[in-house]
Amino acid sequence: MLSQNISSTSLSANAETTQPALDTAQAGRILIVEDTRLLLDRIAQFLCFEGHSIQTANNGSEGLAVVAETPPDLVLCDVLMPMMDGYEFSRRLKSEPATQHIPIIMISARGQQDEVIRGLEYAEEYVKKPIDLRELKARVDSMLRLQRAQDAVRELNTELEHRVRKRTVHLRRTHQRL
């Protein structure tokens, strides 16, 4: 399976009857790249219940295909996977101008300090297995807030560049008339 989209409606039989924690304005599109099906499903259900839109991939190659089709707001990526590991997936994602801004949270059973540091060379955050869902929620929420702030800055910069170009054209025309 290349990818799986999970929504809160598809989880209604498994989810508790309480409402998701986030409203749609705070929710994000999250891609989970994980080869262990049980963990992938657990994380996906938890984040979906929190109000996020979830896509999944079983390895780095599938993850890149999902990103190319529908870029997410955030990626959770396992380190050790078949075909393409999390480091290579992250390196490729960050090497493309269209996707380099997408934050990545690396997930790994490797908790030694050297491994954590290596993971942070490729990603913005690092979560150790076994995953504490409260910690994961806090890191996901933090990364999405940061991503929204960076998106807002990019939009403002684009608007400012447009205004500067427009004003420059106006000044040139005025100067030519003189």
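Note that the coordinates shown come from a computational prediction; the quantities given were computed from them, not determined experimentally. (Residues numbered from 1 in each chain as written. Predicted model: local features only at pLDDT ≥ 70, side-chain atom pairs only at ≥ 80, totals over all residues. Heavy atoms only, no water.)

*Asks:* Could you give an account of the confidence of the model for the protein, with specific residues and numbers?
*Replies:* On average, the protein scores 86 in pLDDT, and the residues at 70 or more come to 86%. Mean pLDDT values for the elements of the protein range from 48 in strand E1 (residues 4–6) up to 98 in strand E2 (residues 29–33). (pLDDT = per-residue confidence, 0-100. Helix = DSSP H or I, 4+ residues; strand = E, 2+ residues; numbered from the N terminus.)

*Asks:* Summarise the pairing of strand E5 (residues 104–108); cite the residues concerned and give the values.
*Replies:* Extensive coverage of E5 is indicated by the burial of 5 of its 5 residues. Residues Ile104, Met106 and Ser108 point to one face of E5 and Ile105 and Ile107 to the other, with burial holding for every one of them. Strand direction decides the pairing type here: strand E4 (residues 74–78) and E5, joined by 4 bridges, are parallel. By the bridge assignment for E5, Cys77 is matched with Met106. For the segment spanning E4, helix H3 (residues 86–95) and E5, crossover handedness is right-handed. One ladder, built from 4 bridges, connects E5 with strand E6 (residues 125–128); its direction is parallel. Bridging across to E6, Ile107 finds its partner in Val127. One crossover worth recording links E5 to the parallel E6 by way of helix H4 (residues 113–122), and it is right-handed. (Buried < 20%, exposed > 50% of the residue type's maximum accessible area, 1.4 Å probe, protein only. Pairing = 2+ DSSP bridges. Right-handed = clockwise from strand over helix to strand, strands pointing away.)

*Asks:* Summarise the packing of aromatic side chains; cite the residues concerned and give the values.
*Replies:* Inspection of every chain in the model, using the stated rule, returns 1 aromatic pair. Between Tyr87 and Tyr122 the ring centres are 5.0 Å apart and the planes differ by 45°, which places this aromatic pair in the tilted class. Placement of Tyr87 in helix H3 and of Tyr122 in helix H4 is noted, with a sequence separation of 35 residues between them. For Tyr87, a relative accessible area of 4% gives the class buried. Residue Tyr122 is classed as partly exposed on the basis of its relative accessible area, which comes to 23%. (Phe/Tyr/Trp six-rings, centres within 6.5 Å; stacked < 30°, edge-to-face > 60°.)

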